[in-house]
Amino acid sequence: MLVLEWKRYFEQQKCISYGVNSHNKENIKELLNFLLARVRELKRTNDFNYTAVIMLIGIPNVGKSALANSLHQIGRISAAEKGKLKHAIVSPNPGETKDISSLKIGSHPNVYVLDTPGVLPPKILNTEVYSKLALTGSIRDCLVGERGIAQYFLALLNSSDEYKKWAKLSMNVNDRTFLDLEAEGLSSCELDKKQKRQYPTDHTQDFIVHDVRRTLFETISFFDGNVQVGEDLSRLIETQFTSLREVFQVPVELGEEAQNKVAAKLLNLFRTGRLGHYTLDSLPWHT
Ligand SMILES: Nc1nc2c(ncn2[C@@H]2O[C@H](COP(=O)(O)OP(=O)(O)O)[C@@H](O)[C@H]2O)c(=O)[nH]1
Ligand SMILES: [Mg+2]
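A quick note: this is a predicted structure, and the numbers were derived from the prediction, not measured. (Residues numbered from 1 in each chain as written. Chains lettered and ligands numbered in written order. Predicted model: local features only at pLDDT ≥ 70, side-chain atom pairs only at ≥ 80, totals over all residues. Heavy atoms only, no water.)

## Observations regarding the packing of aromatic side chains
So, step 1. For the structure shown, the criterion picks out eight aromatic pairs.
So, step 2. A network of ring pairs unites the aromatic residues W6, Y9 and F10 as a single cluster.
So, step 3. One Lys or Arg, K43, reaches over the ring of Y50 and ends 4.8 Å from the middle of that ring. (Phe/Tyr/Trp six-rings, centres within 6.5 Å; stacked < 30°, edge-to-face > 60°. Lys NZ or Arg CZ within 6 Å of the ring centre and 35° of its normal.)

Put into structure tokens, the structure is as follows:
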């Protein structure tokens, strides 16, 4: 996995590296123990009457506030302090943390983490960097436009291996359903009812995800051009937009707006992890 390769890269650069999922208690405990041990080590004294402050810095929306909250909740602080836990605002939109706030994560010595608003350079001139930041939600969508971000995602997907996992979705699904039907002695109308019973309305999304994956797999697999060639890639992306419009059931009459709607729906699926996981930056060549 690329994440592990990145971890190895940082270790080679003599950086201490932790891969943390803020929703994973074990991950947080491990990081917390490391941080508290480091603080004690730095001070090298048995007098624990001091306060240490750790600052979280990073681009918007990487998960600083979520990490601060988790460290605070699991932190080694007294029961009385646990009774009045603070809560940093966590949000899928960038720019939600407006101020620096401190959350206690350890006692004896007292250790705090400072959650901070995200930082970015005032000007980003490289459009690819812009697209990556937008795709991951570090800058607002309107700065690039949802359509542009979705096109960037499709370009990424089309040159990745991720879609190959969806090959099994493409094997004449209709035929199989028909055979299953016959085997069960059901009419298609009965199957429709059965599916509705099995999957109540909030699972509609799952069928759409399935169709989106299948459509993406098929558009890439049956494409006659070379995705390494800019013009061909653009042509494929256009085709994908058209096919996805049908999958998402966006009325063609909406014209230009239809494209934006398709883009927004596709980005939503990507950002909720339903279209796989991607590492946007490749490892520096010298590794
Ligand atoms: N799956 C997952 N989502 C996370 C994690 N950390 C943060 N998030 C989500 O990423 C989004 C941004 O998190 P937030 O903490 O507000 O980022 P900040 O802008 O750096 O403070 C939110 O929707 C979080 O729920 C994580 O470790 N795993
Ligand atoms: Mg924040």
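## Notes on the sheet that holds strand β1 (residues 51-55)
So, step 1. The three strands lie next to each other as β1-β3-β2, forming an open sheet whose pairing is mixed. This sheet does not close on itself; its edge strands, each paired only once, are β1 and β2 (101-106). Recorded for the sheet is a direction-independent mean angle of 30° between the axes of neighbouring strands.
So, step 2. Direction of pairing for β2 relative to strand β3 (residues 110-115): antiparallel, over a ladder of five bridges. When the bridges of β3 are listed, L103 appears paired with V113.
So, step 3. The sheet strands contacting helix α2 (residues 25-43) are β1, β2 and β3, and the helix crosses β2 at an angle near 90°.
So, step 4. Packing against the sheet, helix α3 (residues 64-74) makes contact with β2 and β3, and its axis sits at approximately 40° to β2. (Pairing = 2+ DSSP bridges. Helix = DSSP H or I, 4+ residues; strand = E, 2+ residues; numbered from the N terminus. Axes fitted to C-alpha atoms, helices over the stretch in contact; angles between N-to-C directions. Contact = heavy atoms within 4.5 Å.)

## Let's talk about the environment of Q240
So, step 1. Examined against the element boundaries, Q240 turns out to sit in helix α10 (residues 230-247).
So, step 2. Residue classification places Q240 among the buried positions, given a relative accessible area of 0%.
So, step 3. In this structure, the C-alpha to C-alpha distance between Q240 and T219, residues 21 residues apart in sequence, is 6.5 Å.
So, step 4. Residues in contact with Q240, not counting those within four places in the same chain, are L154, N158, L216, T219 and I220. (Buried < 20%, exposed > 50% of the residue type's maximum accessible area, 1.4 Å probe, protein only.)

## Observations regarding the coordination of the magnesium ion (ligand 2)
So, step 1. Taken together, the protein donors to the magnesium ion (ligand 2) comprise S65 (OG) and T97 (OG1), at separations of 2.0 to 2.1 Å. Linking S65 in helix α3 with T97 in the loop between α4 (79-82) and β2, this pair joins segments that are 32 residues apart in sequence. (Donors = N, O, S within 2.8 Å, 3.2 Å for Na, K, Ca; no water.)

## What to know about the environment of N260
So, step 1. Assignment of secondary structure puts N260 in helix α11 (residues 256-271).
So, step 2. N260 sits in the partly exposed class, given a relative accessible area of 28%.
So, step 3. A sequence separation of 110 residues divides N260 from A150, and the C-alpha atoms of the two residues are 9.1 Å apart.
So, step 4. Those residues in contact with N260 that lie beyond four places of it in its chain are E146 and R147.

## A few points about the site of ligand 1
So, step 1. Not every one of the 15 residues close to ligand 1 is listed here, only the nearest: S22, N61, K64, S65 and A66.
So, step 2. Within the backbone of N61, a nitrogen or oxygen atom sits 2.8 Å from an oxygen atom of ligand 1.
So, step 3. At 2.8 Å from an oxygen atom of ligand 1 is found a side-chain nitrogen or oxygen belonging to K64.
So, step 4. Burial of ligand 1 by the surrounding chains reaches 72%, relative to a free accessible area of 580 Å².
So, step 5. A class-by-class count of the residues in the shell around ligand 1 yields six nonpolar, eight polar and one charged. (Near = heavy atom within 4 Å. Polar contact = N/O pair within 3.5 Å; in protein donor to acceptor, adjacent residues only side chain to side chain. Areas by Shrake-Rupley, 256 points an atom, 1.4 Å probe, with all protein chains shown as cover. Nonpolar A, V, L, I, M, F, W, Y, C, P; charged D, E, K, R; others polar.)

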